[in-house]
Amino acid sequence: MLLRCFTCDRLCGGCTAPAPPAHQGIVLQPVMPSCDPGPGPACLPTKTFRSYLPRCHRTYSCVHCRAHLAKHDELISKSFQGSHGRAYLFNSVVNVGCGPAEQRLLLTGLHSVADIFCESCKTTLGWKYEQAFETSQKYKEGKYIIEMSHMVKDNGWD
């Protein structure tokens, strides 16, 4: 079994060497190893994402690489406008990176926002509201906008 350390993003076979100080108290997550290309059809390596959402939840994934992005339970609103079309507001997301914050004048006023991108394929997905300058918009602080054109529904949407 391979283990992934999310502190240094390296794979480890579960060695017995003492952990470096940065790894003390870190729980290593199991990672599916890539399959052994033996005789027969070619075998593709498996993708490893930082977080997998439980299969029992309806989820949203990156349309480009299928990395999990958010649980449906974290959806706050479907009535938002992104830079390139409709967008959803989420309370929390996974497998996304965050760029530097900048001030932008949006439809609802001045906000400090940081672009967010998929950690797997690096596609810009939307933004994170860092600060709202109008009292009526404070509820958005710390929340995430993901544009619908970058998401696909997964798991149990029948």
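Residues numbered from 1 in each chain as written. Predicted model: local features only at pLDDT ≥ 70, side-chain atom pairs only at ≥ 80, totals over all residues. Heavy atoms only, no water.

Novice: Just to check I follow, could you spell out the overall build of the chain for this structure?
Specialist: Across its full length, the chain holds 0 helices and 12 strands. Listing the helices and strands of the chain from first to last along the sequence gives β-β-β-β-β-β-β-β-β-β-β-β. By the burial criterion, 35% of the 158 residues in the chain qualify as buried. If you take every contact in the chain between residues at least 6 apart in sequence, the share linking residues at least 24 apart comes to 43%. (Helix = DSSP H or I, 4+ residues; strand = E, 2+ residues; numbered from the N terminus. Buried < 20%, exposed > 50% of the residue type's maximum accessible area, 1.4 Å probe, protein only. Contact = heavy atoms within 4.5 Å.)

Novice: Looking at this structure, I do not really get the sheet that holds strand β10 (residues 124–132). What am I missing?
Specialist: Note on sheets: strands pair through backbone hydrogen bonds, and any given pair is parallel or antiparallel. Read across the sheet, 6 strands follow the order β6-β7-β11-β10-β9-β8 without closing on themselves; strand pairing throughout is antiparallel. Lying at the two open borders of the sheet, with one neighbouring strand each, are β6 (75–82) and β8 (96–106). For this sheet, the mean inter-axis angle between neighbouring strands, taken without regard to orientation, is 30°. Bridge count for strand β7 (residues 85–90) against strand β11 (residues 144–147) is 4 bridges, and the pairing is antiparallel. The residue of β11 that forms the bridge with Tyr88 is Ile146. (Pairing = 2+ DSSP bridges. Axes fitted to C-alpha atoms, helices over the stretch in contact; angles between N-to-C directions.)

Novice: How should a nonpolar patch on the surface be read in this particular structure?
Specialist: Taken together, the side chains of Leu105, Leu110 and Phe133 present a nonpolar region at the surface, about 300 Å² in accessible area. Mapped onto the elements, Leu105 comes out in strand β8. Accessibility expressed as a relative area gives 72% for Leu105, which makes it exposed. (Patch = residues over 30% accessible without salt bridge, like charges linked within 9 Å, V, L, I, M, F, W, Y side chains within 5 Å. Areas by Shrake-Rupley, 256 points an atom, 1.4 Å probe, with all protein chains shown as cover. Salt bridge = Lys/Arg side-chain N within 4 Å of Asp/Glu carboxyl O.)

Novice: I'm lost on the pattern of salt bridges in this one. Help?
Specialist: Side chains that differ in charge, positive against negative, can pair when their charged atoms come close. This model, assessed by the stated rule, comprises 4 salt bridges. Between Lys122 and Glu119 there is a salt bridge, and its shortest N-O distance comes to 3.6 Å. Residue classification places Glu119 among the partly exposed positions, given a relative accessible area of 28%. The salt bridge involving Lys138 is made with Glu141; its shortest N-O contact spans 3.4 Å. For Lys138, a relative accessible area of 38% corresponds to the partly exposed category. Salt bridges here are not isolated pairs; linked through shared partners, they connect Glu102, Arg104 and Asp115.

Novice: Before we go on, may I ask you to explain the environment of Phe80 in this structure?
Specialist: Within the secondary structure layout, Phe80 lies in strand β6. The exposure class assigned to Phe80 is buried, which follows from its relative accessible area of 12%. For the pair formed by Phe80 and Met148, sequence separation is 68 residues and the distance between their alpha carbons is 10.0 Å. Those residues in contact with Phe80, other than ones at most four positions away along the chain, are Gly85, Arg86, Ala87, Leu89, Tyr129, Tyr139, Lys140 and Ile145.

Novice: Just checking my understanding: could you explain the pairing of β10 for this structure?
Specialist: Side-chain positions along a regular strand alternate between the two faces of the sheet. For strand β9 (residues 109–118) and β10, the ladder comprises 7 bridges, and the chain directions are antiparallel. Across the sheet, Ser112 pairs through a bridge with Gln131, a residue of β10. In this structure, the hairpin formed by β9 and β10 is closed by a connection of 5 residues, where Lys122 is found at a positive phi of approximately 70°. The pairing of β10 with β11 spans 3 bridges and is classified as antiparallel. Along β11, the bridge assignment pairs Lys128 with Tyr144.

Novice: I would appreciate a short explanation of the nonpolar core in the present structure.
Specialist: Across soluble globular proteins, nonpolar side chains show a tendency to be buried alongside one another. Judged by nonpolar contacts, the single largest core of 17 residues is most densely connected at Leu69, Phe90, Val93, Leu125, Ile146 and Met151. Mapped onto this core, the elements with two or more residues apiece are β4 (59–62), β5 (68–71), β7, β9 and β11. Filtering out sequence-adjacent residues up to four positions away, Leu125 remains in contact with Leu69, Val96, Ile116, Phe117, Cys118, Ile145, Ile146, Glu147 and His150. (Core = buried A, V, L, I, M, F, W, Y, C linked by side-chain atoms within 4.5 Å.)

Distances and angles like these do not, on their own, reveal function.
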